[in-house]
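So the chains spell out like this:
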Amino acid sequence: MGTAAAGAAGASVDHLTATYQAHYRSLLRLAALLLDDVASCEDVVQEAFIRVHAARRRVREPEKTLAYLRQTVVNLSRSTLRRRILGLRLLPKPMPDMASAEEGAYDALERDQLKAALRGLQRRQREVLVLRYYADLTEAQVAEALGISVGSVKAYGSRGLAALRVLMESSND
């Protein structure tokens, strides 16, 4: 009759204390496999003991206390992860690294000035600079495309850059 009375009363505080002392570390390891930081693991295991303690009268078979604790640790770990994921989803999204409207307008103005300056160059200088720097061709590829020597490409490029620099500086003044 003593065992029936103990079963009806649920798990005792002494039984929970003994279970805590014997299985705390194994429950902590279980939580560590499910979560990523020690503090969260400790919180989950402590909360599991608190919940099982609060519901100890409903534990009909005290020998299943450890099973209840394990299941509670797993459920609390899931809840913790769910809250983290939800928190990450609700975080404000960082603004993309975009230029401001003023910078975009300035860039467009600078492009327009560059186009106007390119139009002011000699035809061959303009062709060499566009193919070399805009189309990203090598000197040999530019020479082949224009049907001139590599030395001519270097000469037209050098003179074209110098003239372009002068034209850009004069348009900024």
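A brief report on the enclosed structure follows. (Residues numbered from 1 in each chain as written. Predicted model: local features only at pLDDT ≥ 70, side-chain atom pairs only at ≥ 80, totals over all residues. Heavy atoms only, no water.)

1. Details of the packing of helix α2 (residues 13–34) against helix α4 (residues 65–90)
Viewed as axis vectors pointing N to C, α2 and α4 meet at an angle of 35°, and their least axial separation amounts to 10 Å. Crossing of α2 against α4: the hand is right-handed. Taken together, the residues of α4 that come into contact with α2 (itself represented by His15, Leu16, Thr19, His23, Leu27, Leu30, Ala31 and Leu34) are Thr65, Leu66, Leu69, Arg70, Val73, Val74, Ser77 and Leu81. Counted by class, the contact of α2 with α4 contains 10 nonpolar, 5 polar and 1 charged residues. (Axes fitted to C-alpha atoms, helices over the stretch in contact; angles between N-to-C directions. Helix = DSSP H or I, 4+ residues; strand = E, 2+ residues; numbered from the N terminus. Left-handed = near helix turned anticlockwise from the far one by under 90°. Contact = heavy atoms within 4.5 Å. Nonpolar A, V, L, I, M, F, W, Y, C, P; charged D, E, K, R; others polar.)

2. Considering the side chain of Gln125
Of note, Gln125 is situated in helix α6 (residues 123–134). On the basis of relative accessibility, which here comes to 7%, the residue Gln125 falls in the buried class. Once residues lying within four places of it in the same chain are set aside, the contact partners of Gln125 are Tyr156, Arg159, Gly160 and Ala163. (Buried < 20%, exposed > 50% of the residue type's maximum accessible area, 1.4 Å probe, protein only.)

3. Comments concerning the packing of aromatic side chains
With the rule as written, the count across this model stands at 2 aromatic pairs. When the ring of Tyr20 is compared with that of Phe49, the centres are 4.9 Å apart and the planes differ by 70°; the resulting orientation is edge-to-face. Pair noted here: Tyr20 is in helix α2 and Phe49 is in helix α3 (residues 38–54), with a separation of 29 residues, a long-range link. Linked through ring pairs, Tyr20, Tyr24 and Phe49 together constitute an aromatic cluster. Of note, Arg132 hangs over the ring of Tyr133, and the distance from its end group to the ring centre comes to 5.8 Å. (Phe/Tyr/Trp six-rings, centres within 6.5 Å; stacked < 30°, edge-to-face > 60°. Lys NZ or Arg CZ within 6 Å of the ring centre and 35° of its normal.)

4. Here's the deal with the nonpolar core
The biggest cluster of nonpolar side chains holds 16 residues, and the ones touching the most others in it are Leu27, Val45, Phe49, Leu69 and Val73. For this core, the secondary-structure elements that each account for two or more residues are α2, α3 and α4. With 6 residues, the single largest contributor to this core is α3. Those residues in contact with Val45, other than ones at most four positions away along the chain, are Tyr24, Leu27, Leu28, Ala31 and Val73. (Core = buried A, V, L, I, M, F, W, Y, C linked by side-chain atoms within 4.5 Å.)

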